[in-house]
Amino acid sequence: MAVKVSLQISDKAYEKLSSCSEQLGLSPNQFASICFEYVDISHKGILAAARKFQAISRKTVMDKKDLEKHLQNLSDEQVELLLLKAAQKRKS
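Since the model is a prediction, treat every value here as computed from it, not as a measurement.

### A look at helix H1 (residues 11-24)
Here H1 spans 20 Å end to end across 14 residues, near enough to the 20 Å set by a 1.5 Å rise per residue. Among the residues of H1, those classed as buried are Leu17, Cys20 and Ser21. One face of H1 carries all of its buried residues, which in axial projection span an arc of 95 degrees. Counted as exposed and oriented over 90 degrees from the buried face of H1: Asp11, Lys12, Glu15, Glu22 and Gln23. Tucked into the core, H1 has its buried residues touching helix H2 (28-38).

### Observations concerning the layout of surface pockets
In this structure, the largest pocket encloses a volume near 1,300 Å³. Lining the largest pocket are 27 residues, and of these Leu7, Ile9, Leu17, Ala32 and Phe36 lie nearest its centre. Looking at the lining of the largest pocket, the elements with two or more residues in it are H1, H2 and helix H3 (44-58). Counting residues per element, the lining of the largest pocket draws most heavily on H2, which supplies 8 residues. Residues of the lining of the largest pocket, tallied by class, amount to 18 nonpolar, 6 polar and 3 charged.

Scoring rules and cut-offs
- Residues numbered from 1 in each chain as written.
- Predicted model: local features only at pLDDT ≥ 70, side-chain atom pairs only at ≥ 80, totals over all residues.
- Heavy atoms only, no water.
- Helix = DSSP H or I, 4+ residues; strand = E, 2+ residues; numbered from the N terminus.
- Expected span 1.5 Å × (residues − 1).
- Buried < 20%, exposed > 50% of the residue type's maximum accessible area, 1.4 Å probe, protein only.
- Arc of directions from axis to C-beta.
- Contact = heavy atoms within 4.5 Å.
- 1 Å grid on protein atoms, 1.4 Å probe; cavity = no way out; pocket = protein on both sides within 12 Å on 5 of 7 lines; lining within 4 Å.
- Points joined across faces, edges and corners; volume = space filled by probe spheres on them.
- Nonpolar A, V, L, I, M, F, W, Y, C, P; charged D, E, K, R; others polar.

Written out as structure tokens, the structure is:
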């Protein structure tokens, strides 16, 4: 059963979709279906892009005084990522 979905994607995403589907000899719809079936939301690139979109949509500036409150609202995964980033910065 096929479900029709309409998406708003960036120009860059559309160019990539068109290019990749053409290379594989598939329609853009077929290639997009494959991508969504096999996407791994734990992939670092996808997580980074998602956080970028979230940050853009929030557009709120955290005040340093509210840092403790902000840290309490983070998920375990977000805290782990922050700790990893801090460890990487400390190494360099």
